[in-house]
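# Understanding the architecture of this molecule
For reference, the chains in residue letters:
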Amino acid sequence: MNYKQEIFISEKKLRNKTIIAFIIFILLLIAGVFIWKKLRHQQQVAQSPKSIRKVLNYNENLFSNFLSDEHLAKTYPKSAAVKNVRVNGNIGMGSDFDPSTWKLQLVRSPGDTLFLTLDDIKALPKTEIVFDFKCIEGWSQITYWGGVKFSDFAAKYNLNAQTQMKYVGLVTPDKRYYVGLDMPSILHPQTILCYEMNGKPLPMNQGYPLRLMTTVKYGIKDIKRIGTIFFSNERPPDYWYERGYDYYSGL
Ligand SMILES: Nc1nc2c(c(=O)[nH]1)N[C@H]1C(S)=C(S)[C@@H](COP(=O)(O)O)O[C@H]1N2
Ligand SMILES: [Mo]
C-alpha cells in the first residue's frame, strides 16, 4: 500500500463510522420522542377528572372496606387494664345532679324525644372493650369499659333517618359540657354508650350513669354524664373545639 491508498482507506473508514453514529443518533432521537409522547399521554390520562374520580372512588372503597369497619383499635386482655383509672375533667359534673331521676333524652327530631332509663339501655346487647385510652394532654391508660354499641342502640330505637345525618351532639344534663361527633365515628363498632368500668357501674366522677367511650377519638370526646343526644347536619357545639382544639380530634 502506498501512502495515498492508506489515506483513502482511513478516510473511508472514518466516513462509515460517522454514518453509523448518525444512524444511531437518529434512532435514539426517534425512541426519545416516542417515549416522551407516551409519558405525556399517560400524564394527561392521570390528570383527567375522570381518572381522579377513579382514584378517589378507589380510596373511598379502601377506607370504607378496610378502615371504618375493619380498622379496629388494638384491644387488650382485661388483666392489662389499670385498676386506678385517672379522673380527668369535671365540667358539667356539678353536685346539683340527682342520678335517681336521671333519664337519657334521645331527641329523634324536634318535638319527638324519648326518655330512657338506665335499665332500658342495659337491656340492649352488652359490649366490652379494653383499649389504650388517650387524653389529648399526652397521657394514656389501658382501661376496661362496658356498655352498648351506639350502632346497636341506633338500631333498637329506629334511628335510621337520624343516622343518615352528618353529626351527633351529646350534652350533660346541666348543658355545661357538650361534644359533637361525625356519624361514622359514633357508628364505629368500638364506640359505646358506656355504663360500666372494670366490670362495675361507672363511678360518679367517671360519668355515672352513662358516658361515651370510643377508640377513634381522643378522650375529650368521651363525654361523662350524658343528658341529651341529638342529631344534626350541622356541626353540634363542641366545648373543646370552642377553645381551639380540633373538631374531629381523631386518632
Ligand atoms: N362531662 C365531662 N366529660 C368529660 C370531661 C369533662 O370535663 N366533663 N373531660 C373529658 C376529657 S378531657 C377526658 S381525658 C376524659 C377523661 O375521662 P376520665 O375522667 O374517666 O378519665 O373525659 C372527657 N369527658
Ligand atoms: Mo382529655
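Residues numbered from 1 in each chain as written. Chains lettered and ligands numbered in written order. Predicted model: local features only at pLDDT ≥ 70, side-chain atom pairs only at ≥ 80, totals over all residues. Heavy atoms only, no water.

## Brief notes about the nonpolar core
- The biggest cluster of nonpolar side chains holds 33 residues, and the ones touching the most others in it are Leu104, Phe150, Phe153, Leu170, Leu193, Ile226 and Ile229.
- Once residues lying within four places of it in the same chain are set aside, the contact partners of Ile226 are Trp102, Leu104, Leu170, Val171, Pro173, Leu193, Leu210, Arg211 and Leu212.
- By size, the runner-up hydrophobic cluster in this structure holds 12 residues, among which are Cys135, Trp139, Met197 and Met213. (Core = buried A, V, L, I, M, F, W, Y, C linked by side-chain atoms within 4.5 Å. Buried < 20%, exposed > 50% of the residue type's maximum accessible area, 1.4 Å probe, protein only. Contact = heavy atoms within 4.5 Å.)

## Side note on the environment of Gly250
- Tracing the chain through its elements places Gly250 in the segment after β10 (228–232).
- For Gly250, a relative accessible area of 40% translates into the label partly exposed.
- Separated by 31 residues in the primary sequence, Gly250 and Gly219 have C-alpha atoms spaced 9.9 Å apart.
- Non-local contacts of Gly250, meaning those with residues more than four positions away in its chain, are made with Val216, Lys217 and Tyr218. (Helix = DSSP H or I, 4+ residues; strand = E, 2+ residues; numbered from the N terminus.)

## Quick look at unusual backbone geometry
- Cis rather than trans, the peptide bond between Tyr208 and Pro209 has omega equal to 5°.
- Relative to the helices and strands, Pro209 is located in the loop between β8 (200–201) and β9 (211–214).
- Positive phi values are uncommon outside glycine, yet Lys175 reaches one of about 65°.
- Among the secondary structure elements, Lys175 is positioned in the loop between β5 (167–171) and β6 (178–182).

## Looking at the site of ligand 1
- Taken together, 18 residues form the shell around ligand 1, and within it Arg86, Asn88, Ile91, Arg211 and Lys224 come nearest.
- The contact in question runs from a nitrogen atom of ligand 1 to an N or O atom on the backbone of Ile91, over 2.7 Å.
- Between ligand 1 and the protein, one listed contact pairs an oxygen atom with a side-chain N or O atom of Arg211 at 2.7 Å.
- For ligand 1, the protein covers 97% of the area, taking 530 Å² as the surface of the free molecule. (Near = heavy atom within 4 Å. Polar contact = N/O pair within 3.5 Å; in protein donor to acceptor, adjacent residues only side chain to side chain. Areas by Shrake-Rupley, 256 points an atom, 1.4 Å probe, with all protein chains shown as cover.)

## Examining the confidence of the model for the chain
- In this model, the chain carries a mean pLDDT of 86, and residues with pLDDT of at least 70 account for 76%.
- Note on residues 43–53: pLDDT under 50 across the span, and 5 contacts to partners over four residues away in sequence or across chains. (pLDDT = per-residue confidence, 0-100.)

## As for the packing of aromatic side chains
- Scanning all chains against the criterion turns up 11 aromatic pairs.
- Between the aromatic rings of Tyr177 and Tyr239, the centroid separation amounts to 5.3 Å while the plane-to-plane angle is 35°, which identifies the pairing as tilted. Taken as a pair, Tyr177 in the loop between β5 and β6 and Tyr239 in the segment after β10 lie far apart in primary sequence, 62 residues in all. The two residues Tyr177 and Tyr239 agree in class, both being buried.
- For the ring pair Trp240 and Tyr245, a centre distance of 5.4 Å and an interplane angle of 80° mean the geometry is edge-to-face.
- On the basis of relative accessibility, which here comes to 25%, the residue Trp240 falls in the partly exposed class.
- One aromatic cluster is present, formed by Tyr177, Tyr178, Tyr239, Trp240 and Tyr245 through successive ring pairs.
- Across the ring face of Tyr157, the terminal group of Lys156 is positioned such that the distance to the ring centre comes to 5.9 Å.
- Sitting over the ring of Tyr241, Arg235 keeps its end group 5.4 Å from the ring centre. (Phe/Tyr/Trp six-rings, centres within 6.5 Å; stacked < 30°, edge-to-face > 60°. Lys NZ or Arg CZ within 6 Å of the ring centre and 35° of its normal.)

## Thoughts on the pattern of salt bridges
- In this structure the tally under the stated criterion is 9 salt bridges.
- One salt bridge in this structure joins Asp112 and Arg108, with 3.4 Å as the shortest N-O distance.
- One salt bridge connects Asp182 with Lys217, and the closest N-O pair in it is separated by 2.9 Å. One end of the pair, Asp182, is in strand β6; the other, Lys217, is in the loop between β9 and β10, with 35 residues separating them in the sequence.
- The exposure class assigned to Asp182 is buried, which follows from its relative accessible area of 12%.
- Judged by its relative accessible area of 4%, Lys217 falls in the buried class.
- Each member of the salt-bridge network shares a partner with another, and the members are Lys78, Lys126, Glu128 and Glu196. (Salt bridge = Lys/Arg side-chain N within 4 Å of Asp/Glu carboxyl O.)

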